[in-house]
Amino acid sequence: MNAMARGRAFALGGLVPMLVLAAAATQAMPTIFDAVLGEAGQSTVEVSTEELRRVLAEKSALVLDARPFREYAVSHIPGAVNVAPKPGVPMSMYVSDVAEIDRLVRQRKDTAIVLYCNGPYCGKSKRLAAELVAGGYTRVRRYQLGIPVWRALGGVTQIEPEGLRTVLANDRTAVVIDVREPQERQASAFPNAQPIPRSAVLEGKDVGEIKRAKDDGRLPMEDHNTRLVVIGGAVPARYVAEALAREAFHNVSYFAGSLEEARAALRP
């Protein structure tokens with residue numbers, strides 16, 4: 001090898017590691033949204049919060065809430081479904097009924113399924129995953145971080161009519177947020193609801209009507225764990241709920257039903 005060739009080889013030898021480092025630098029660093037619990041010895045793999053978001057957006061799997069119906073009705077990840085419990089099982093060992101899931105997916109055992117429950121220490125999704133695998137299901141995964149981490153990472157939840165009825169009857173600390181416009185509220189007020197009209201909720205943090213609601217007492221600034229329930233139509237309610245979650249309120253749900261359905265929850 002002549003001197004020129006050796007020089008080129010040396011230059012390339014020095015360039016290759018630099019290119020590798022540059023390529024690595026352009027790759028996104030993992031974040032908390034990419035985390036999983038990572039327990040050893042599980043029969044099914046986990047999905048991260050980011051993966052679950054993608055599954056929900058693409059509707060690429062059936063997302064099952066593995067908790068009892070009342071918990072699901074009070075607060076569940078939007079897009080998730082719930083089935084009846086397995087008969088004859090004590091509450092301490094609660095597990096959903098695989099026979100109900102069979103009916104739901106029409107016996108298609110290759111259906112992609114993602115399970116979740118009450119977080120890292122909850123066994124409901126693990127028990128259901130084991131029963132599904134034993135029943136021949138081949139594409140079962142778990143979001144084992146569960147609904148507590150979903151909320152902590154800014155995820156909103158959805159409340160069903162039965163859950164709204166339960167909350168309004170039993171949780172005296174809950175704050176109902178009505179996102180309808182002033183003229184709509186004047187024509188048909190919802191009892192004790194705090195007004196935060198959708199049109200006044202701006203993009204960004206600490207701006208617009210949410211900032212004003214923080215300062216004037218409509219939002220519970222001394223307890224961000226307070227349950228916030230947003231009503232006023234599915235699309236505007238979810239928009240405002242997501243804006244509130246980005247303001248560090250950890251327990252935000254929205255009601256996707258009509259105002260008439262919300263009013264029905266007030267009745268005994």
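Above this text you will find the structure in question.
Because the structure is predicted, anything quoted here is derived from the model rather than measured.

Student: Help me understand unusual backbone geometry in this model?
Tutor: Leaving glycine aside, a negative phi is the common case for residues, and trans is the common case for peptide bonds. Unusually for a residue other than glycine, Lys-59 sits at a positive phi of about 55°. Residues other than glycine seldom take positive phi values, yet Asn-192 does so here, at roughly 65°. Position of Asn-192 among the secondary structure elements: in the loop between helix H8 (182–187) and strand E7 (194–195). Of the residues examined, Asn-192 reaches a relative accessible area of 74% and is grouped as exposed.

Student: Is there a simple way to think about the sheet that holds E7 in this case?
Tutor: Pairing is parallel in the open sheet, where five strands are placed in the order E5-E9-E8-E6-E7. Whereas interior strands pair on both sides, the edge strands pair on one side only; in this sheet they are strand E5 (157–159) and E7. Summarising the sheet, E5 and strand E9 (residues 252–255) pair through three bridges and their orientation is parallel. Across the sheet, Gln-158 pairs through a bridge with Tyr-254, a residue of E9. Against the sheet, helix H7 (residues 161–170) touches E5, strand E6 (175–178), strand E8 (228–231) and E9, its axis set at about 85° to E5. Against the sheet, helix H10 (residues 234–245) makes contact with E6, E8 and E9, and its axis sits at roughly 175° relative to E9, the strand it touches most.

Student: Quick question: what am I supposed to make of helix H9 (residues 208–216) here?
Tutor: Note that an α-helix has 3.6 residues per turn; residues three or four places apart therefore point the same way. Along H9, the positions that sit buried rather than exposed are Gly-208, Glu-209, Ile-210, Ala-213 and Lys-214. Elements in contact with the buried residues of H9: H10. A positive backbone phi angle near 95° is found at Gly-217, which sits one or two residues after H9.

Student: What should I look at first to understand the pattern of salt bridges in this one?
Tutor: Side chains carrying opposite charge are able to pair once their charged atoms draw close together. Summed over the entire model, instances satisfying the criterion amount to 15 salt bridges. With a closest N to O distance of 3.1 Å, Lys-86 and Glu-131 form a salt bridge. Here Lys-86, found in the loop between helix H3 (69–74) and helix H4 (98–105), pairs with Glu-131, found in helix H5 (residues 124–134); they are 45 residues apart in sequence, far enough to count as distant. Relative accessible area serves as the criterion here: at 33%, Lys-86 is assigned to the partly exposed category. For Glu-131, a relative accessible area of 26% gives the class partly exposed. Put simply, Asp-215 and Lys-211 hold a salt bridge, and the shortest N to O gap is 3.4 Å. Here Asp-215 pairs with Lys-211, and both are found in helix H9, just four residues apart, close to one helical turn. With relative accessibility at 61%, the residue Asp-215 sits in the exposed group. Linked through salt bridges whose partners overlap, the residues forming this network are Lys-205, Asp-206, Lys-214 and Glu-247.

Student: Could you clarify how one ought to interpret the sheet that holds strand E4 (residues 140–143) in this entry?
Tutor: Two orientations exist for strands paired in a sheet by backbone hydrogen bonds: parallel and antiparallel. Pairing in this open sheet of four strands is parallel, and the strands run E1-E4-E3-E2 from one edge to the other. Pairing within the sheet leaves two strands with one partner each, and these edge strands are strand E1 (45–46) and strand E2 (62–65). When E1 meets E4, the two strands line up parallel, connected through two bridges. Bridging from a neighbouring strand, Val-45 pairs with Arg-141 of E4.

Rules and cut-offs
Residues numbered from 1 in each chain as written. Predicted model: local features only at pLDDT ≥ 70, side-chain atom pairs only at ≥ 80, totals over all residues. Heavy atoms only, no water. Helix = DSSP H or I, 4+ residues; strand = E, 2+ residues; numbered from the N terminus. Buried < 20%, exposed > 50% of the residue type's maximum accessible area, 1.4 Å probe, protein only. Pairing = 2+ DSSP bridges. Contact = heavy atoms within 4.5 Å. Axes fitted to C-alpha atoms, helices over the stretch in contact; angles between N-to-C directions. Salt bridge = Lys/Arg side-chain N within 4 Å of Asp/Glu carboxyl O.

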